[in-house]
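Listed below, chain by chain, are the residues.
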Amino acid sequence: MFGYFKFYKKYSNKLICRCYKNYYCGLCFSLEKNYGQLSRLLLSYDVTLLAIVSNSHKNPTGKKPKCIGDNTKKISFSNENWKKIAAIDILLTAEKIEDDIHDEHSVKAIVAKTIFQKPISLAKKDYPEIYEEIKAGYSKIQKLENENASLYIIANEFSDLMTGVLKKSFQVSQLKIEYVAYISKWLYFIDALDDIDDDIRKNRFSPFKVYHSHKILVEQNYMVIDEFLSTINKQHLEKIYKGFSDSYEDIILKSFLENTIPLTTERILTK
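None of the values given here were measured: they were computed from a predicted structure.

## Looking at the confidence of the model for the chain
At step 1: Of the residues in the chain, 85% have a pLDDT of 70 or more, and the chain-wide mean is 85.
At step 2: Within the chain, no element has a lower average pLDDT than helix α10 (residues 214-243), which sits at 69, and none a higher one than helix α5 (residues 117-126), at 97.

Below you can see the structure in the form of structure tokens.
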């Protein structure tokens, strides 16, 4: 996947950090348990965030979370939630691989498709409805990119893909769906901004190609970029913040909005 949703430990206390680690390690253990040792190489920060949204491993608020690594014999990583999260990780990566093959005939992507053929096939077999949701979403995005659609339209389509997967897979509140809608739009935008120079060099689609380089884009359009991100914020964040509880999971989700997204945005704008 993209890998932008890294958790900044320095802004959280030890209990919150332990809770996050339980989800990150839990996804890794689930990949191994359900789809083999090799699949652990597909471990994703972004899908870890989906695991937190879906409460795949609920930590008791107010108590010190036990390290999930010390309790692997007591936790069934083949239970439905953990298995779905592992499958989503694999299936999203599989479509990203297909997208790279389509866009640039990437040798790296072709090799990855061969190496991970078994876990990908198993995940498709286990959750065909999730696979179809992801495949259909990527097909729509690919069509829009071929038509040189605007960034706003494609970011919305990517957001629909991610929220569609969430709703198809778990019973979650409308608040969490809106949360994923927001972070998905930001994710598509920031990935496109980060990749502009590579996209131009490799002759891939980029909604920013007209600016010829990352440097020119940022110099000429810093205010436009800031306005775009602010528009997303206005649509979602106020309502989301009001709905947060004091659970460890919600504190982590809030930290991504307060720390990860602003810091990552600033890093990519000023690189």
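After that view of the structure, there is still more to cover.
## Focus: helix α6 (residues 128-146)
At step 1: Here α6 contains 19 residues, and its C-alpha end-to-end distance of 26 Å stays within 8% of the 27 Å for a straight helix at 1.5 Å per residue.
At step 2: Taken as a whole, α6 has its buried residues at Ile 130, Tyr 131, Ile 134, Gly 137, Tyr 138, Ile 141, Leu 144 and Glu 145. Take α6 and look down its axis: the buried residues cluster within an arc of 160°, on one side only. Set apart from the buried face of α6 by more than 90 degrees, the exposed residues are Lys 143 and Asn 146.
At step 3: Its buried side turned inward, α6 meets α3 (80-104), α5, α7 (151-169) and α8 (174-194).
At step 4: Phi turns positive one or two residues past the end of α6, at Asn 148, with a value near 55°.

## Observations regarding the pattern of salt bridges
At step 1: Counted under the stated rule, the structure contains 10 salt bridges.
At step 2: Two residues, Asp 100 and Lys 96, come together in a salt bridge whose shortest N-O distance is 3.2 Å. In this pair, Asp 100 and Lys 96 are both assigned in helix α3, four residues apart and thus about one turn of the helix distant.
At step 3: Between Lys 254 and Glu 258 there is a salt bridge; the shortest N-O distance is 4.0 Å. Remark: Glu 258 and Lys 254 occur in helix α11 (residues 248-269); sequence separation between them is four residues, near one turn of the helix.
At step 4: With a relative accessible area of 42%, Glu 258 lands in the partly exposed category.

## Here's the deal with a nonpolar patch on the surface
At step 1: The grouping of Leu 38, Leu 41, Val 107, Val 111 and Ile 115 at the surface amounts to a nonpolar patch, some 470 Å² of accessible area in total.
At step 2: Along the polypeptide, Ile 115 turns up in helix α4 (residues 107-115).

## Let's talk about unusual backbone geometry
Note on backbone geometry: most residues besides glycine have negative phi, and most peptide bonds are trans.
At step 1: Not every positive phi belongs to a glycine, and Asn 148 is a case in point at roughly 55°.
At step 2: Along the chain, the position of Asn 148 falls in the loop between α6 and α7.
At step 3: Judged by relative accessible area, Asn 148 falls into the exposed class, the value being 61%.
At step 4: Within the chain, Asn 203 stands out as a residue other than glycine whose phi angle is a positive 60°.
At step 5: Inspection of the secondary structure assignment puts Asn 203 in the loop between α9 (196-201) and α10.

Thresholds applied
- Residues numbered from 1 in each chain as written.
- Predicted model: local features only at pLDDT ≥ 70, side-chain atom pairs only at ≥ 80, totals over all residues.
- Heavy atoms only, no water.
- pLDDT = per-residue confidence, 0-100.
- Helix = DSSP H or I, 4+ residues; strand = E, 2+ residues; numbered from the N terminus.
- Expected span 1.5 Å × (residues − 1).
- Buried < 20%, exposed > 50% of the residue type's maximum accessible area, 1.4 Å probe, protein only.
- Arc of directions from axis to C-beta.
- Contact = heavy atoms within 4.5 Å.
- Salt bridge = Lys/Arg side-chain N within 4 Å of Asp/Glu carboxyl O.
- Patch = residues over 30% accessible without salt bridge, like charges linked within 9 Å, V, L, I, M, F, W, Y side chains within 5 Å.
- Areas by Shrake-Rupley, 256 points an atom, 1.4 Å probe, with all protein chains shown as cover.

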